[in-house]
Every structure is written in C-alpha cells, then in structure tokens.
Amino acid sequence: MWHPRMNEFDDQLKKLFDEVDSHIEDLYGDRYPLHPVRPNRGETANPEADGLFNIGANFTPGFRSELGRGYLIDVSISTLEKVDDNVRREIYEAVTEKVKELLPIYFSDRELTVKRDGNQFKIMGDFSLGSI
C-alpha cells in the first residue's frame, strides 16, 4: 500500500511529463521516422506509449551522487535512425527547460529544482509526504 500523498505526487508528476512529452513531440516529433512497432502519436491513451518520445522520471536514492536523491529525467527516442549527439543534447535541454517551467505550476506547494547530476538531469528538493 502506498502513502496517499505519494500517489498524489506520482499523479502530478505523470501529468507534468505528459505535458512535456506533448511539447517535445510538437518541436521534434517529425525529425526522425518512428520505430516500426511504435504507435503514432495519439494512437494510445498514454503518451508514454506512442509517438517519437517517451519522457518521464525515475526515482533514485542517489547513493553514488554528490547531489543525493531525486528523480532522474529520462528521455527515450523511438527510432531506428541514429540521432546526432548535438540534436540529442538539444532535445534534452528543451525537456529540462520545460520541466523547470512546469515544476512550480504542478508542484506549487513544494520547493523543487532541476540540476545536472553527471551526464543526467535530476529533479531535487522537497519530497516529504507529511502526515496522513
């Protein structure tokens, strides 16, 4: 059983990343051919499962990180073509900027930031659950 506030946090995070996914699909979704087994954008009920991008975050306790725990931003590009490193960097930066823009909207009651952690970006800050 999950803490109710954890469920709320996860739901908000999913909505935030669905919006980021839509934004990045608008900007870059036509640059590469879609993987042959991947549904076209909007063909499923979940933006993670269709279109060129799957964008989300995975919690890490941060044991080997100088920054500690947080949510690593994950960007998957569903194509068989090689994505140029400069374009990949541009996409990651666009994702990161959109996440920074949306965090205070989706999590106005928390202090959350995005920082570079090695070669990845991490959402960090107040993940407290409070009391039931």
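Report on the accompanying structure. (Residues numbered from 1 in each chain as written. Predicted model: local features only at pLDDT ≥ 70, side-chain atom pairs only at ≥ 80, totals over all residues. Heavy atoms only, no water.)

### With respect to the packing of aromatic side chains
Turning to step 1, where the next piece is worked out: This structure, assessed with the given rule, holds six aromatic pairs.
Turning to step 2, where the next piece is worked out: Relative to tyrosine 71, the ring of phenylalanine 9 has its centre 5.5 Å away and its plane inclined at 35°; by these criteria the two rings are tilted. Of this pair, phenylalanine 9 sits in helix 1 (residues 4-28) while tyrosine 71 is found in strand 2 (residues 70-77), placing the two residues 62 residues apart along the sequence. Judged on exposure class, the residue phenylalanine 9 and its partner tyrosine 71 are both buried.
Turning to step 3, where the next piece is worked out: With 6.5 Å between their ring centres and 85° between their planes, phenylalanine 59 and phenylalanine 127 make a pair best called edge-to-face. With phenylalanine 59 in strand 1 (residues 53-60) and phenylalanine 127 in the segment after strand 4 (120-125), this pair connects stretches of sequence that are 68 residues apart.
Turning to step 4, where the next piece is worked out: Each member of the aromatic cluster is reached from another via a ring pair, and the members are Phe9, Phe59, Tyr71, Phe107 and Phe127. (Phe/Tyr/Trp six-rings, centres within 6.5 Å; stacked < 30°, edge-to-face > 60°. Helix = DSSP H or I, 4+ residues; strand = E, 2+ residues; numbered from the N terminus. Buried < 20%, exposed > 50% of the residue type's maximum accessible area, 1.4 Å probe, protein only.)

### Some thoughts on helix 1
Turning to step 1, where the next piece is worked out: For helix 1, with 25 residues, the first-to-last C-alpha span of 36 Å sits near the 36 Å given by 1.5 Å per residue.
Turning to step 2, where the next piece is worked out: All of the buried residues along helix 1 are Met6, Phe9, Leu13, Leu16, Phe17, Val20, Asp21, Ile24, Glu25 and Tyr28.
Turning to step 3, where the next piece is worked out: The inward-facing, buried residues of helix 1 contact strand 1, strand 2, helix 2 (85-106), strand 3 (112-117) and strand 4. (Expected span 1.5 Å × (residues − 1). Contact = heavy atoms within 4.5 Å.)

### Considerations on the pairing of strand 2
Turning to step 1, where the next piece is worked out: Within strand 2, six of the eight residues are buried, leaving the element largely enclosed by the surrounding structure.
Turning to step 2, where the next piece is worked out: Two elements, strand 1 and strand 2, share eight bridges in a ladder whose sense is antiparallel. Its bridge partner being in strand 2, threonine 60 is matched across the sheet by glycine 70.
Turning to step 3, where the next piece is worked out: Strand direction decides the pairing type here: strand 2 and strand 4, joined by two bridges, are antiparallel. When the bridges of strand 4 are listed, tyrosine 71 appears paired with isoleucine 123. (Pairing = 2+ DSSP bridges.)

### Quick word on the side chain of arginine 38
Turning to step 1, where the next piece is worked out: Its place among the elements puts arginine 38 in the loop between helix 1 and strand 1.
Turning to step 2, where the next piece is worked out: The side chain of arginine 38 sits in the buried core without any salt bridge; glutamate 25 is the nearest counter-charge, 5.6 Å away.
Turning to step 3, where the next piece is worked out: A distance of 2.7 Å separates a polar side-chain atom of arginine 38 from the backbone oxygen of glycine 51.
Turning to step 4, where the next piece is worked out: Setting aside chain neighbours within four positions, we find arginine 38 in contact with Pro47, Glu48, Ala49, Asp50, Gly51, Phe53, Asn54 and Ser78. (Lys, Arg positive; Asp, Glu negative; His and termini not counted. Salt bridge = Lys/Arg side-chain N within 4 Å of Asp/Glu carboxyl O. Polar contact = N/O pair within 3.5 Å; in protein donor to acceptor, adjacent residues only side chain to side chain.)

### A closer look at the pattern of salt bridges
Turning to step 1, where the next piece is worked out: This structure, assessed with the given rule, holds seven salt bridges.
Turning to step 2, where the next piece is worked out: Salt-bridge contacts for lysine 100 lead to glutamate 97; the nearest nitrogen and oxygen are separated by 3.6 Å. On the criterion of helical spacing, the pair formed by lysine 100 and glutamate 97 is a turn pair, its members being three residues apart in helix 2.
Turning to step 3, where the next piece is worked out: The exposure class assigned to lysine 100 is partly exposed, which follows from its relative accessible area of 39%.
Turning to step 4, where the next piece is worked out: Owing to a relative accessible area of 48%, glutamate 97 belongs among the partly exposed residues under this scheme.
Turning to step 5, where the next piece is worked out: Its salt-bridge partner being lysine 122, residue aspartate 117 comes within 2.6 Å of it at the nearest N-O pair.
Turning to step 6, where the next piece is worked out: Lysine 122 sits in the buried class, given a relative accessible area of 1%.
Turning to step 7, where the next piece is worked out: Taken together, the shared-partner salt bridges connect Lys14, Asp18 and Glu48 into one network.

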